[in-house]
Amino acid sequence: MKIAKFDYSGNSHWGFIEGEELYALDGDLYGVNGMGDRICSLGEASLLAPISATNKVPAIAANYGEKDDRDGPGIFMKQPGTYQAHGGPIVYPRSCTSIIHEAELGIVISRTGRHIEESEAFDYVLGYTCINDVSARNMVASDIGKGLSMRWKHFDTFCPIGPYIETDVGDPNNLGIECFVNGKLSASGRTSEMIFPIAMLISWVSEVMMLRPGDIIPTGCPATGEIKVGDDVEVRIENVGSLVNPVVPDY
């Protein structure tokens, strides 16, 4: 089922998408009993990023490519100002000369956990969503080389999420990931190519920090590509959905 966060008549709601209609949740987001009353049509609402500003996004770095002697992947945080909804603009910062898309599967956590065993990891998953971990490529060498913070990951709007949470994806460790720029394929891969699979990622992050309901773990991207002002960028993940965002100039 598709769980969406949306704005209707100036109020934020969580609900189900069924066809072209939005329905209330019977129960709460993490204890759903079923589908409630119809709220509105999709056309009458605006989809929001399916995350609260109080939730965190511990993102995974370097999870595709050749496996080396690391015991696990890197972790970095996307700050709340980076969260952006399906259809919302990616702002091209005026201090940047090159930014890239990074299409990723996002794991949405369903309940609180720390020191989660890999064998129990999927018991902590609500569903999955699309992520675009936008990065300022021209700043990587400067930030990393000088031991500075990951400024290149933290610009506002640099983490589009959505368009909803899909709870039924089949095997999440074998999903196709594609990124299209202006309708042309720019990058592709499969989650089966990840160095560290989903259960391990959940366990790994939970050794560092408490995971709470609504937190989202982006799982890394198979490939990147440059994006520019005026582009439309689509992250498309098999059995999950399609996240589309335009790139606009800074002010």
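Predicted model, so just to flag it, every value in this text is computed and none were measured. Counting of residues starts from 1 at the beginning of each chain's written sequence and follows it residue by residue. In view of the model being predicted, local features appear only for residues whose pLDDT reaches at least 70, and side-chain atom pairs are presented and counted only at 80 or more, with totals across whole chains, interfaces and linings using the full set of residues. With hydrogens and water excluded, all non-hydrogen atoms of the structure serve as input to the side-chain values.

A. Summary view of the overall build of the protein chain. The numbering of helices and of strands both runs from the N terminus, where a helix is a DSSP run of H or I of at least 4 residues and a strand a run of E of at least 2. Check the secondary structure of the protein chain and you find 2 helices and 19 strands. This radius of gyration counts C-alpha atoms alone. The globule rule is 2.2 Å times how many residues there are, raised to the power 0.38. Taking 18 Å as the expected radius of gyration for a compact globule of 251 residues, we find that the protein chain reaches 18 Å, a close match to that expectation. Partly exposed describes any residue whose relative accessible area lies between the buried limit of under 20% and the exposed limit of over 50%, with all areas from a 1.4 Å probe on protein chains only and scaled to the type maximum. Counting the 251 residues in the protein chain, one finds 49% classified as buried. Any two residues having at least one pair of non-hydrogen atoms within 4.5 Å are treated as being in contact. Here the contacts in the protein chain between residues at least 6 apart in sequence split such that 70% fall between residues at least 24 apart. Here the accessible surface of atoms and residues is derived via Shrake-Rupley with a 1.4 Å probe, and residues count as covered only by protein chains that are part of the display. Of the roughly 11000 Å² of accessible surface on the protein chain, a fraction of 49% belongs to carbon and sulfur atoms. Residues counted as positive are Lys and Arg, residues counted as negative are Asp and Glu, and His and the chain ends are not counted. Where a charge lies is defined by one atom per residue type, namely NZ (Lys), CZ (Arg), CG (Asp) and CD (Glu). Computing the positive centroid from 19 side-chain charges and the negative centroid from 34, the protein chain places the two 8 Å apart.

B. Expanded view of the sheet that holds strand 19 (residues 241-249). The rule for pairing is simple: two strands pair if DSSP sees at least two bridges between them. Pairing within the open sheet is mixed, and its 5 strands lie in the order 9-19-18-14-15. The open sheet has two free edges, formed respectively by strand 9 (90-92) and strand 15 (184-190), since each of these has just one partner strand. Direction aside, the axes of adjacent strands within the sheet are offset by 20° on average. Pairing of strand 9 with strand 19 involves 3 bridges; the strand directions are parallel. Residue pairing in the sheet places Val91 in a bridge with Val248 of strand 19. The axes used here are C-alpha line fits, helices contributing only the stretch in contact, and every angle between their N-to-C directions lies in the interval 0 to 180 degrees.

C. View of the pattern of salt bridges. Definition used for salt bridges: Asp or Glu carboxyl oxygen within 4 Å of a side-chain nitrogen of Lys or Arg. Scanning the model with the defined rule gives 11 salt bridges in all. Measuring nitrogen to oxygen at the nearest pair gives 3.8 Å for the salt bridge that ties Glu44 to Arg38. The exposure class assigned to Glu44 is partly exposed, which follows from its relative accessible area of 45%. Assessed through its relative accessible area of 45%, Arg38 is described here as partly exposed. In this structure, a network of salt bridges that share partners links the residues Lys78, Glu102, Asp133 and Lys153.

D. Highlighting the side chain of Glu102. Secondary-structure assignment places Glu102 in strand 10 (residues 99-109). What makes Glu102 buried here is its relative accessible area of 9%. Any pair of nitrogen or oxygen atoms within 3.5 Å is treated as a polar contact; in protein, a donor-acceptor pairing is required on top of that, and neighbouring residues in sequence qualify only through side-chain atoms on both sides. A distance of 3.1 Å separates a polar atom in the side chain of Glu102 from a polar atom in the side chain of Lys153. Once residues lying within four places of it in the same chain are set aside, the contact partners of Glu102 are Ile131, Asn132, Asp133, Ser135, Lys153, Cys221 and Thr224.

E. How the structure looks around the environment of Ser206. Residue position: Ser206 is located in helix 2 (residues 198-206). Considered as a pair, Ser206 and Glu66 are 140 residues apart in the sequence and their alpha carbons are 24 Å apart. If we skip the residues at most four places from it in the chain, Ser206 touches Gly113, Arg114, His115, Ile116 and Leu211.

F. Broad picture of the side chain of Ser110. Following the sequence through the fold, Ser110 ends up in the loop between strand 10 and strand 11 (125-132). In contact with Ser110, not counting residues within four places along its chain, are Tyr30, Asp123, Tyr124, Val125, Leu126 and Pro213.

G. Fine view of the packing of aromatic side chains. Side-chain rings of Phe, Tyr and Trp (the six-membered ring for Trp) are treated as a pair once their centres are within 6.5 Å; stacked means planes under 30 degrees apart, edge-to-face means over 60, and tilted covers the remaining angles. By the definition in use, this model includes 1 aromatic pair. Only lysine NZ and arginine CZ atoms are considered, and such an atom sits over a ring when it is within 6 Å of the ring centre and within 35 degrees of the ring normal. Above the ring of Tyr124, the side-chain terminus of Arg111 is found at 3.9 Å from the ring centroid.

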